[in-house]
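Overview (structure and organization)
This is what each chain is made of:
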Amino acid sequence: PNPEGSVGDLQGRSVPSACHCQQLCIDRVEAGCRSYAFYQVDAETHCYLQRAAFRGQENAGTVTGWTSGTPGLRIVTASTDPAADQLRPGEPFSVTLLGTGLPATT
């Protein structure tokens, strides 16, 4: 694969495993990471972080050397309406969650 766009860790080293690549995506959820692809054949490794997960795609099967996935269910922020300090027992309120792997609507 073309290593252009491949990421390393914060010290500029290559990413050693698919688990490390997934963790880089998790660490960058707030920056927009929604999926990752990791390539490894022998000592050559590349980690690609992607902004959008693929939707409506059938499983393409196994491709030698590639592992991909998502950061999974992650809640980045939670807020209430009214604000948390204004909540009163027995009064209705709503909760808004921002994250990945959540349904688009409720």
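Residues numbered from 1 in each chain as written. Predicted model: local features only at pLDDT ≥ 70, side-chain atom pairs only at ≥ 80, totals over all residues. Heavy atoms only, no water.

1. Thoughts on the overall build of the protein chain
Of the regular secondary structure elements, the protein chain holds one helix and five strands. Listing the helices and strands of the protein chain from first to last along the sequence gives α-β-β-β-β-β. Taking all 106 residues of the protein chain together, the buried fraction comes to 18%. Long-range contacts, defined as pairs at least 24 residues apart, comprise 50% of the intrachain contacts of the protein chain with a sequence gap of at least 6. Counting only carbon and sulfur atoms, one obtains 52% of the accessible surface of the protein chain, whose full area is about 7,800 Å². (Helix = DSSP H or I, 4+ residues; strand = E, 2+ residues; numbered from the N terminus. Buried < 20%, exposed > 50% of the residue type's maximum accessible area, 1.4 Å probe, protein only. Contact = heavy atoms within 4.5 Å. Areas by Shrake-Rupley, 256 points an atom, 1.4 Å probe, with all protein chains shown as cover.)

2. What about helix H1 (residues 18-27)?
By the burial criterion, the buried members of H1 are Ala18, Cys21, Leu24 and Cys25. Along the long axis of H1, the arc covered by the buried residues comes to 115°, so they all point the same way. Residues of H1 that are exposed and point over 90 degrees away from its buried face: Cys19 and Asp27. If you follow the buried residues of H1, they end up packed against strand E1 (35-41), strand E2 (44-50) and strand E3 (66-69). (Arc of directions from axis to C-beta.)

3. Considerations on the state of the cysteines
Summed over the entire model, instances satisfying the criterion amount to two disulfides. Linked covalently through their sulfurs, Cys21 and Cys47 form a disulfide whose S-S length is 2.0 Å. Looking along the S-S bond of the Cys21-Cys47 disulfide, the torsion reads about 85°, which is the right-handed sense. With Cys21 in helix H1 and Cys47 in strand E2, the pair connects residues that are 26 residues apart, well separated along the chain. Here the two residues Cys21 and Cys47 agree in accessibility, since each one is buried. Disulfide partner of Cys25: Cys33, at an S-S distance of 2.1 Å. Linking Cys25 and Cys33, the disulfide has an S-S dihedral of approximately -105° and is accordingly described as left-handed. Cys33 gets classed as buried once you look at its relative accessible area, which sits at 5%. Sequence-ordered numbering of the bonded cysteines in the protein chain gives a disulfide pattern of 1-4, 2-3. This cysteine, Cys19, is not joined by any disulfide, and Cys21 carries the nearest cysteine sulfur, 10.0 Å off. (Disulfide = S-S within 2.5 Å.)

4. Describing the environment of Leu102
Here Leu102 lies in the segment after strand E5 (94-100). For the pair Leu102 and Gly72, spaced 30 residues apart in the sequence, the C-alpha separation amounts to 9.0 Å. Setting aside chain neighbours within four positions, we find Leu102 in contact with Leu73 and Leu97.

5. Some details on the nonpolar core
The tendency in soluble globular proteins is for nonpolar side chains to be buried as a group. In this structure, Val15, Ala18, Cys21, Leu24, Cys25, Cys33, Tyr36, Phe38 and Cys47 together form the largest nonpolar core, which totals nine residues. Secondary structure elements with two or more residues in this core: H1 and E1. Broken down by element, this core gets its largest block of residues, four residues, from H1. Beyond its immediate stretch of four places on either side in the chain, Cys33 contacts Cys25, Arg28, Leu49, Gln50, Pro71 and Thr100. (Core = buried A, V, L, I, M, F, W, Y, C linked by side-chain atoms within 4.5 Å.)

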